[in-house]
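Understanding the architecture of this molecule
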Amino acid sequence: MQNISPLPKRLKLLFVSTPVGGLGTGLGGGVELSLYNIAKYFIEQGHTLQIVAPSGSLWNRDIFNIVEITGNLQIIAQIQERDTPITMPDNSLLANMWEYARSVQNEYDLIVNFAYDWLPFYLTPFFQTPIAHFVSMGSLSNALDTVIAQISKLYPGTIGFYTPSQGATFPSLTPPLYYLSSGIDLSLYQFCAEPKEQLAILGRISPEKGLEDAVAVAAQTNIPLKIMGKIQDQAYWQKIINDYQGAPIEYLGFLPTDKMQQVVRECKALLMAPRWVEAFGNVAIEALACGVPVISYARGGPAEIVKDGKTGFLVEPDSVTGLIDAVKRLDSIDRYECRKQAETEFSLLPLGARFLQWFEDILQRIQRM
Ligand code: HBI
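Residues numbered from 1 in each chain as written. Predicted model: local features only at pLDDT ≥ 70, side-chain atom pairs only at ≥ 80, totals over all residues. Heavy atoms only, no water.

The name given to the protein in an unreviewed UniProt entry is Glycosyl transferase, with Dulcicalothrix desertica PCC 7102 as the source organism.

Pasting the structure below:
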């Protein structure tokens with residue numbers, strides 16, 4: 001038995017963020033929240049952690065070591081077609097982030113990629129330091145599917161997803177695959193037992209989130225809808241405004257966690273109307289943490305989070321009447337059950353432990369080679 005030197009207890013980790021926007025701007029959507037929570041865990045556990053992120057990142061530098069990289073943002077993957085060729089803007093921020101990672105790789109035990117982009121996967125065999133890839137959305141692009149499949153074969157065990165249903169959207173992957181789920185810092189979310197007569201929807205304002213269906217619920221039930229999230233697609237937002245004039249909706253912008261949860265906690269429910277296989281749905285566990293039931297189309301991550309009839313309702317996809325029927329049944333939900341589910345399934349420690357296990361498995365596998 002070849003002697004395997006024990007893994008370093010303190011890992012030296014390099015997290016390379018998403019190239020679609022600075023940390024804290026909301027452009028990175030759910031993966032931003034995931035990166036924040038995972039980074040906090042590893043810092044609190046005493047590991048060495050460096051984050052590489054776009055310039056203009058707003059996170060607290062007393063907590064996070066962030067190297068800010070300049071360059072032109074990467075086009076967001078959701079608005080491209082499956083067969084759209086991979087494009088790199090001039091002075092690509094993504095390329096600049098990975099050039100930095102290459103130049104410092106020897107200082108780290110492991111690099112973790114949080115970008116949903118072709119380049120980091122393609123570059124993996126050119127790096128000496130191992131790379132773990134956290135894939136933050138379902139399958140969207142043939143070129144990305146292909147390179148993810150290739151890396152899962154070349155480096156088994158280095159591909160991680162939020163959920164099995166998200167992973168299942170990718171073809172020809174080589175096991176083992178890791179499903180990390182998600183988690184949040186529950187101390188940031190205050191339970192509310194007595195909600196107001198209002199609903200909420202949270203998340204990037206972009207066609208895949210199905211915002212128009214939530215607005216239709218507000219229009220038909222006349223229950224006010226609080227809308228929060230970064231407007232990523234202005235034309236999409238404008239069309240909703242035009243199509244649903246008079247609907248009782250209020251747009252509150254992209255709010256930081258504390259302000260956001262102050263609004264969400266007072267709502268009867270969080271609505272989710274994903275048009276796609278939502279990889280996870282961090283907003284769902286944020287709502288549950290406030291005691292707020294989640295009403296979602298039975299698709300992707302939310303279908304694996306919501307306990308139908310217990311912590312919310314899972315509805316026939318794309319059925320607005322289904323959403324409305326669920327809103328009418330909300331009184332049957334015990335809001336304490338929602339908070340309890342967040343505490344048992346989605347707190348920070350188990351989340352961090354899953355990522356640590358994943359990283360250690362990767363390093364052990366390499367030691368054995
Ligand atoms: N698009 N090209 C690209 N790269 C990303 O990392 C990316 C994206 N679109 C959305 C996104 N990341 C995140 O908002 C989601 O992963 C949550």
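So, the UniProt feature "domain: Glycosyl transferase family" (unreviewed entry) in the protein
Here, the residues flagged by UniProt with the feature "domain: Glycosyl transferase family" (unreviewed entry) are residues 194-330. Along residues 194-330, the helical share is 38% and the strand share 17%, with 12 Å between the first and last C-alpha atoms. (UniProt positions renumbered as here; feature names shortened; annotations may be inferred. Helix = DSSP H or I, 4+ residues; strand = E, 2+ residues; numbered from the N terminus.)

Digging into the pattern of salt bridges
Counting across every chain of the model gives 19 salt bridges. Arg 82 serves as the salt-bridge partner of Asp 145, at 2.6 Å between the closest nitrogen and oxygen. Here Asp 145 is found in helix α4 (residues 142-154), whereas its partner Arg 82 is found in the loop between β3 (66-69) and α2 (93-104), with 63 residues between them in sequence. A single network of salt bridges, built from pairs that share partners, joins Glu 212, Asp 213, Arg 275, Arg 299 and Asp 318. (Salt bridge = Lys/Arg side-chain N within 4 Å of Asp/Glu carboxyl O.)

Digging into the site of the ligand
Among the 19 residues in the neighbourhood of the ligand, the closest are listed as Thr 18, Gly 28, Ala 77, Asp 117 and Ser 136. A distance of 2.9 Å is found between an oxygen atom of the ligand and a backbone nitrogen or oxygen belonging to Gly 28. The contact in question runs from a nitrogen atom of the ligand to an N or O atom on the side chain of Asp 117, over 2.7 Å. For the ligand, the accessible surface in isolation is 390 Å², of which the surrounding protein chains cover 97%. Classifying every residue of the shell around the ligand by side-chain character gives 10 nonpolar, 7 polar and 2 charged. (Near = heavy atom within 4 Å. Polar contact = N/O pair within 3.5 Å; in protein donor to acceptor, adjacent residues only side chain to side chain. Areas by Shrake-Rupley, 256 points an atom, 1.4 Å probe, with all protein chains shown as cover. Nonpolar A, V, L, I, M, F, W, Y, C, P; charged D, E, K, R; others polar.)

So, the environment of Phe 170
With respect to the helices and strands, Phe 170 occurs in the loop between α5 (164-167) and β7 (178-179). A C-alpha to C-alpha distance of 6.1 Å links Phe 170 and Asp 145, two positions 25 residues apart in sequence. In contact with Phe 170, other than residues within four places in its own chain, are Tyr 116, Val 135, Met 137, Gly 138, Ser 139, Asp 145, Ile 148 and Phe 161. (Contact = heavy atoms within 4.5 Å.)

Some remarks on the sheet that holds strand β12 (residues 294-297)
Sheet strands associate in pairs through backbone hydrogen bonding, adopting either a parallel or an antiparallel arrangement. Read from one edge to the other, the open sheet built from 6 strands follows the order β10-β9-β8-β11-β12-β13, with strand pairing classed as parallel. Looking along the sheet, the strands with just one partner apiece sit at the ends: β10 (249-251) and β13 (312-315). Strand-to-strand, the axes of this sheet are offset by a mean angle of 20°, without reference to chain direction. Sheet strands touched by helix α6 (residues 211-221): β8 (199-202), β9 (225-228), β10, β11 (269-272) and β12. Its angle to β9, the strand with the most contacts, is close to 160°. Against the sheet, helix α8 (residues 257-264) makes contact with β8 and β9, and its axis sits at roughly 165° relative to β9, the strand it touches most. (Pairing = 2+ DSSP bridges. Axes fitted to C-alpha atoms, helices over the stretch in contact; angles between N-to-C directions.)

What about the packing of helix α9 (residues 282-289) against helix α12 (residues 335-345)?
Where α9 contacts α12, the two axes come as close as 7 Å, and the packing angle between them is 120°. By the angle between their axes, α9 is oblique relative to α12. Mapping the contact onto sequence places Ile 285, Leu 288 and Ala 289 in α9 and Cys 338, Arg 339, Gln 341 and Ala 342 in α12. Of the residues assigned to the contact of α9 with α12, the class counts are 5 nonpolar, 1 polar and 1 charged. (Parallel < 35°, antiparallel > 145°, perpendicular 65-115°, else oblique.)

Side note on the pairing of β8
Going residue by residue along β8, you find Leu 199 and Ile 201 tucked away on one face and Ala 200 and Leu 202 tucked away on the opposite face as well. Relative to β9, β8 runs parallel, the two sharing 4 bridges. Bridging from a neighbouring strand, Ala 200 pairs with Lys 226 of β9. Remark: the β8/α6/β9 crossover connection has right-handed handedness. (Buried < 20%, exposed > 50% of the residue type's maximum accessible area, 1.4 Å probe, protein only. Right-handed = clockwise from strand over helix to strand, strands pointing away.)

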